[in-house]
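Chain by chain, the residues:
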Amino acid sequence: MNKLIIIVGPSGVGKTTLARALCQKQGFAMAYEQHSERPFQTLFKQDPKYALANQMDYLMVRAEQEYILRQSDKPALMDGGLDLDFFGFTRLFHLHGWLSDEEFNLCQRFHTLTRSLLPPPDLIIALSASAKTISERLSARNRINIASSEDAESLSRFTNEWLESISEDQIIRLDISHEGMDYAHSVPIILDKIRS
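Residues numbered from 1 in each chain as written. Predicted model: local features only at pLDDT ≥ 70, side-chain atom pairs only at ≥ 80, totals over all residues. Heavy atoms only, no water.

Mean pLDDT for the chain: 89, with 93% of residues reaching 70 or above. Averaged pLDDT values for the elements of the chain fall to 73 in helix 6 (residues 131–140) and rise to 98 in helix 5 (residues 101–117). (pLDDT = per-residue confidence, 0-100. Helix = DSSP H or I, 4+ residues; strand = E, 2+ residues; numbered from the N terminus.)

Written out as structure tokens, the structure is:
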């Protein structure tokens, strides 16, 4: 299987923008979050009763994407991914009460089984940014935002708790608060790490 690199961080931190900047510099097999194509996203935004359907859909599509990407002859890149969707967003929705304990446990069972069948990512790019940067980026986005700028702290905490179980040599941590949309500072750092 080829190398899988994922970009994680709170909503609005710039995962998709960084993925596009990296793809302009090197050929990657790529998978995006596909918000507009997810059938329960709009329903969930309107009514929290769709939280479980939305989350299971995301976990499944991210697992499917990982499986396909691992078959590519190019290094693979994902913005977000299976682990962020579980350790970040599923935990956030449980925190908000949008997922019951039983629903959270169902998502956890799915994630655990799936991760036992698919190898974990080879490299994790963990993005962080100031609250002001995230708030500005979220308000400028032209798509559904389930997580708000107020959720960024919880998402970062949940993500960091998960990352504590990962070897530090598999993680690139970047504060991109002052990074431009072309990621001119971060892209060379990431590509050097990928090539090493």
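Here the narrative resumes.
Okay, the environment of A131 next. Mapped onto the elements, A131 comes out in helix 6. Spatially, the C-alpha atom of A131 lies 9.3 Å from that of V13, the residues being 118 residues apart in sequence.

Looking now at the sheet that holds strand 5 (residues 171–175). The strand order across the open sheet built from 5 strands is 2-3-1-4-5, with neighbouring strands paired in parallel fashion. Here the strands that pair on one side only, and so sit at the sheet edges, are strand 2 (29–31) and strand 5. Recorded for the sheet is a direction-independent mean angle of 15° between the axes of neighbouring strands. Here strand 2 pairs with strand 3 (residues 76–79) via 3 bridges, running parallel. Bridge pairing in strand 3 links M30 to L77. Those strands touched by helix 1 (residues 15–25) are strand 1 (4–8), strand 2, strand 3 and strand 4 (123–128), and its axis lies near 155° from that of strand 3. Relative to the sheet, helix 3 (residues 51–69) contacts strand 1, strand 2 and strand 3, its axis offset from that of strand 3 by approximately 165°. (Pairing = 2+ DSSP bridges. Axes fitted to C-alpha atoms, helices over the stretch in contact; angles between N-to-C directions. Contact = heavy atoms within 4.5 Å.)

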